[in-house]
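What the coordinates show
Here is what each chain is made of, one letter per residue.
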Amino acid sequence: MHPEDERPFDVREAFAEHGAAMFSFALNALGDRAEAEDCVQEAFIRAWRNRDRYSSSRGSVRTWLFAIARNLVIDSLRARARRPAPSDAEKIEWASEPVTEDLLIIECLDLFESLATLTFEHREVIIAVQLDGVGYQELSNQTGVPVATLRTRMYYGLRSLRLALGGHAHDEGNAFAAGGTHRRSAGRRSQ
């Protein structure tokens, strides 16, 4: 692409196209709606402030925005780990949990970011079967989608997920080999 062909960064267009996926990513990573909204808002503010640095020759707008959001989510998780937990009864249990290592946080963010790039149908079957341990028949009963279609969606969804994760994951009984700690039931393959 020639410099004269370079399209300027349009924050409104970018928000309309990528805002919902970025919010889903941040919400999944943070588990807090307000914090996720803050991260997405800050990502778009930073993108707008640095719009002259964006170049489509180095990557898509989506990739650039998700990189900004990912850094903000990591910063937010690190800040959360440094803050003393509130003392109300519900959060005392949360405070007693061990602090997650940065590497695990980054692996989770990679997974959430990659899942956000999939279609709803692919993401739905991967999350239900691989992460939540729901069987194909049970998911079929819940969604009304035939088991064969769900299996096809799983195949193509995992293929897309491997590409989104950089080709590091492989499907040898564990769909998330690059981030195997994310599955609740690693040994269970539901049919």
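In the block above lies the structure referred to throughout.
As the structure is a prediction and not an experimental result, all values here were calculated from the model. (Residues numbered from 1 in each chain as written. Predicted model: local features only at pLDDT ≥ 70, side-chain atom pairs only at ≥ 80, totals over all residues. Heavy atoms only, no water.)

Counting residues in each nonpolar core, the largest one holds 27 residues, and the members touching the most others are Phe 9, Met 22, Phe 25, Trp 64, Leu 65 and Val 73. For this core, the secondary-structure elements that each account for two or more residues are helix 1 (11-30), helix 2 (33-49), helix 3 (61-82) and helix 5 (102-116). In terms of residue count, the dominant contributor to this core is helix 3 (nine residues). Counting 17 residues, the second-largest nonpolar core is a separate cluster that includes Leu 111, Leu 118, Val 145 and Leu 158. (Core = buried A, V, L, I, M, F, W, Y, C linked by side-chain atoms within 4.5 Å. Buried < 20%, exposed > 50% of the residue type's maximum accessible area, 1.4 Å probe, protein only. Helix = DSSP H or I, 4+ residues; strand = E, 2+ residues; numbered from the N terminus.)

Attention now goes to the packing of aromatic side chains. Enumeration over the complete set of coordinates arrives at three aromatic pairs. Seen from their ring centres, Phe 15 and Phe 44 are 5.1 Å apart, and the 75 degrees between their planes marks the pair as edge-to-face. Of this pair, Phe 15 sits in helix 1 while Phe 44 sits in helix 2, placing them 29 residues apart in sequence. Phe 15 gets classed as partly exposed once you look at its relative accessible area, which sits at 47%. Centroid distance Phe 25 to Phe 66: 5.5 Å. Interplanar angle 55 degrees. Geometry classified as tilted. On the criterion of sequence distance, the pair formed by Phe 25 in helix 1 and Phe 66 in helix 3 is long-range, its members being 41 residues apart. (Phe/Tyr/Trp six-rings, centres within 6.5 Å; stacked < 30°, edge-to-face > 60°.)

What follows covers the packing of helix 6 (residues 120-131) against helix 8 (residues 147-164). Following both chains from N to C, one finds helix 6 and helix 8 inclined at 100 degrees, their axes separated by 8 Å at the closest point. Judged by the inter-axis angle, helix 6 sits roughly perpendicular to helix 8. When helix 6 is examined against helix 8, the residues Glu 121, His 122, Glu 124, Val 125, Ile 126, Val 129 and Gln 130 are found in contact with a partner set consisting of Leu 150, Arg 153, Met 154, Tyr 156, Gly 157, Leu 158 and Leu 161. For the contact of helix 6 with helix 8, the class distribution of residues is eight nonpolar, three polar and three charged. (Axes fitted to C-alpha atoms, helices over the stretch in contact; angles between N-to-C directions. Parallel < 35°, antiparallel > 145°, perpendicular 65-115°, else oblique. Contact = heavy atoms within 4.5 Å. Nonpolar A, V, L, I, M, F, W, Y, C, P; charged D, E, K, R; others polar.)

Taken by themselves, the reported measurements are silent on function.
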